[in-house]
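# Analysis of the macromolecular model
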Amino acid sequence: MSFPELLSMNCLMGGMLPVSVLAFAGNAAAHDPSEPLFWFRMSLALIVGAAFAYPMNWWLVAHHLKHGMVTVRPEGEAAKPMPGMDKKMDMAAKSGSALPAPSPPVWVMAIVSFAVLATGVAVAIIFGGAT
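Note that the structure is a prediction, hence the values are computed from the model and not measured.

## Structural notes on helix α1 (residues 3–24)
Helix length check: α1 (22 residues) gives 31 Å between terminal C-alpha atoms against 32 Å at 1.5 Å per residue, within 8%. Two residues or fewer past α1, Gly-26 is found with a positive phi of approximately 70°.

Here it is in structure tokens:
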């Protein structure tokens, strides 16, 4: 797993944990994978987790730390040069990098992702109780 995936997964789990703990509390059928209720509640938790992870994933893709899902090309088709890439390649040759430093910096986003995860865990513990 790469560092960008760690940031993304922290946010995903920060959203999923409270929903899954609260949704599964006090209902034995919710713990049985052969029951539709289990899959409904897992799907709900995943939707909430995806909503929490979306801003982090957007930031990662926007700063070229993670690729987007629409970069798949048909088999045998080569990538076409993007407009303006010749200028970026010249800049890369001069500076060693064609990409500006991300803003906010990666370390700030790492703190944000761990804060989201910690908040999700805290909400799950406080409102879900110990099982």
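## Regarding unusual backbone geometry
Even without a glycine there, the phi angle at His-64 is positive, about 60°. With respect to the helices and strands, His-64 occurs in the loop between α2 (36–62) and α3 (85–95). You can call His-64 exposed: its relative accessible area is 54%.

## Quick word on the packing of aromatic side chains
With the rule as written, the count across this model stands at 2 aromatic pairs. Considering the side-chain rings of Phe-24 and Phe-38, the 5.7 Å spacing of their centres and the 80° angle between planes classify their relative orientation as edge-to-face. Of this pair, Phe-24 sits in helix α1 while Phe-38 sits in helix α2; the two residues are 14 residues apart in sequence, bridging distant segments of the chain. Phe-24 sits in the buried class, given a relative accessible area of 8%. The class for Phe-38 is buried, based on a relative accessible area of 14%. Here Phe-38 and Trp-39 contribute two aromatic rings whose centre-to-centre distance is 4.8 Å and whose plane-to-plane angle is 85°, an arrangement assigned as edge-to-face. Using a relative accessible area of 49% as the deciding quantity, one classes Trp-39 as partly exposed.

## Things to note about α2
Here α2 is 27 residues long and its end C-alpha atoms lie 38 Å apart, about the 39 Å a rise of 1.5 Å per residue gives. Helix geometry: α2 is bent most strongly at Ala-53, by close to 40°, with proline Pro-55 lying one to four residues after it. Where α2 is concerned, the buried positions are Phe-38, Arg-41, Ala-45, Gly-49, Ala-53, Met-56, Trp-59 and Leu-60. Packed against the buried residues of α2 are α1 and α4 (106–128).

## A short note on the pattern of salt bridges
Tallying each qualifying case throughout the model produces 1 salt bridge. Between Lys-66 and Glu-5 there is a salt bridge, with its nearest N and O atoms 3.2 Å apart. Of the two residues, Lys-66 sits in the loop between α2 and α3 while Glu-5 sits in helix α1, which places them 61 residues apart along the sequence. According to the relative accessible area criterion, Glu-5 is partly exposed, its value standing at 28%.

About the cut-offs
- Residues numbered from 1 in each chain as written.
- Predicted model: local features only at pLDDT ≥ 70, side-chain atom pairs only at ≥ 80, totals over all residues.
- Heavy atoms only, no water.
- Helix = DSSP H or I, 4+ residues; strand = E, 2+ residues; numbered from the N terminus.
- Expected span 1.5 Å × (residues − 1).
- Buried < 20%, exposed > 50% of the residue type's maximum accessible area, 1.4 Å probe, protein only.
- Phe/Tyr/Trp six-rings, centres within 6.5 Å; stacked < 30°, edge-to-face > 60°.
- Bend = angle between axes of the 7 residues up to and from the residue.
- Contact = heavy atoms within 4.5 Å.
- Salt bridge = Lys/Arg side-chain N within 4 Å of Asp/Glu carboxyl O.

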